[in-house]
Amino acid sequence: MGKKTAIALGVVGVVLIAVAIVWWTVLGPALTKLPDDINSPMDFEGSLTYYVDPTTKQALPPGQEMVLPLTVSRVFASVPNLYTSDVAVCEDRVSSTVAGQERPAQITQYAFDRKTRKCVESDQNWAYSPSILLPNRVGHYGPLFSRGLEVGDTQPTFFSDVDKAFDLKVVEKIKDYNGLGITVLKVDAARPATDYQPAVAQALLGGQGLPMELTFDQLSAQLKAKGLDLEALMTALATVATPEDMQALLAMTQEPVKLIYKQESKDVVYIEEKTSATVGATFDRTTLMEVDTSRLLQAFSLVGKYASDPVIGAAIAPILQAAGQLTNAEPTKVYNQNMSVIPSSEQSLAASAQSKISTLTWVELWVPLIVVIVGAILLLLGCYAFLRARARKAT
């Protein structure tokens, strides 16, 4: 082997080692960014429990809640025509069937950084309608989890219904999850009761026929059932209150009373360890409702001026006490959705994750490792041949 051949081998070896380094640092991450062909279907089964009659909107007595069978088909997929080199746009489509009756699909859209998987600023970040933009998502994760998570790690994850991010925690590693041959991380996705984003509440809950406000007459009827008779109070006050106070109170009775909806969750998600792909989940979410008592408190502050009146003072004291209890009352449960990914979907998701593991292993490990090994061998052969050639020349 001549000196020129030795030099050529050495140069090729150095080039291959450089290519391997570039692959590890640049090409590998570029090849593993979010693809434009994501298509991840999940099927759920569970129950929908109504605590408020969906027809009459009246609270159901304890033990008489309506429990209906629930099936859900969720498809998380790319919208490739909206992709750019750096941004992935994905659609989350949820179709539900309650007691055999199909409901309109709920669609949410996300814009992600293709490398970090975090949400980025975009008009494609919306929920339930393209008009309901959610700019607060920016910088947080959505339905996609970051790779490299370990037990004890937290991830700031954004939830569209409440327009807020929460830290989800990896709490456990489970080997051979449900006998599917994969290792998963269990993620605690529980969240405290948090107000719905107003536009989401109108679209999602209003679309189900839930009221967003009550008239004074409706509120008065509900409070009367709890022992707080506002109509009798107004009649009694008319005999002693000043015209200005009565005018103010009557004006308040003409205004609708806002209803505040909240969502709390006991969700648990299972993600494959290496890809962070979701392979299982149980979603346990309860919607609650409470009355916005701010205007009521203003009204009762006026009423309180007459608590020492000899004519109606004795009647006002228990009403003010009841008003205080109303202000501090716990929110009323409206409905609960409790559903889990069915076994056949878990099998499909696990198989998809295993396929991705194989691809990632080749792209991130074996290809650059083979290239660097070949490069090192050629470099060593070149050096050896070069030294042999010099030795022969010297003799």
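These remarks concern the structure in this document. Each chain has its residues counted from 1, running along the sequence as written. Note on the predicted model: pLDDT of at least 70 is required for a residue's local features to be given, and 80 or more for side-chain atom pairs to be given and counted; whole-chain, interface and lining totals, by contrast, use all residues. To obtain the side-chain values, all non-hydrogen atoms of the structure were used and water was disregarded.

### Quick word on the overall build of the protein
- Each helix corresponds to a stretch of at least 4 residues labelled H or I by DSSP, and each strand to a stretch of at least 2 residues labelled E; elements are numbered beginning at the N terminus. The number of helices and strands found in the protein is eight helices and 14 strands.
- The buried share of the protein, reckoned over its 395 residues, is 40%.
- Considering only residue pairs separated by 6 or more positions, the protein has 63% of its internal contacts joining residues 24 or more positions apart.
- Looking at the protein as shown, the accessible area adds up to about 20800 Å², and 57% of this sits on carbon and sulfur atoms. Only protein chains enter the accessibility calculation, which uses a 1.4 Å probe; a residue is then buried when its area is under 20% of its type maximum, exposed when over 50%, and partly exposed in between. In this analysis, two residues are considered to be in contact whenever any of their non-hydrogen atoms come within 4.5 Å of each other. Working definition of accessibility: Shrake-Rupley area with a 1.4 Å probe, residue cover restricted to the visible protein chains.

### Some details on the pattern of salt bridges
- One speaks of a salt bridge when a side-chain nitrogen belonging to Lys or Arg is within 4 Å of a carboxyl oxygen belonging to Asp or Glu. Inspection of every chain in the model, using the stated rule, returns seven salt bridges.
- The residue arginine 93 makes a salt bridge to glutamate 91 at a minimum N-O spacing of 3.2 Å.
- Accessibility expressed as a relative area gives 32% for arginine 93, which makes it partly exposed.
- For aspartate 267, the salt bridge is made with arginine 285, and the minimal N-O distance between the two is 2.7 Å.

### Describing helix α5 (residues 243-253)
- Taken residue by residue, α5 has Asp245, Met246, Leu249, Met252 and Thr253 as its buried positions. Burial along α5 is one-sided: seen end-on, the buried residues are contained in an arc of 120 degrees. Set apart from the buried face of α5 by more than 90 degrees, the exposed residues are Pro243, Glu244 and Gln247.
- Looking at the buried side of α5, the elements it contacts are α3 (216-225), α4 (230-237) and α6 (294-303). Comment: arc refers to directions from the helix axis out to C-beta atoms.

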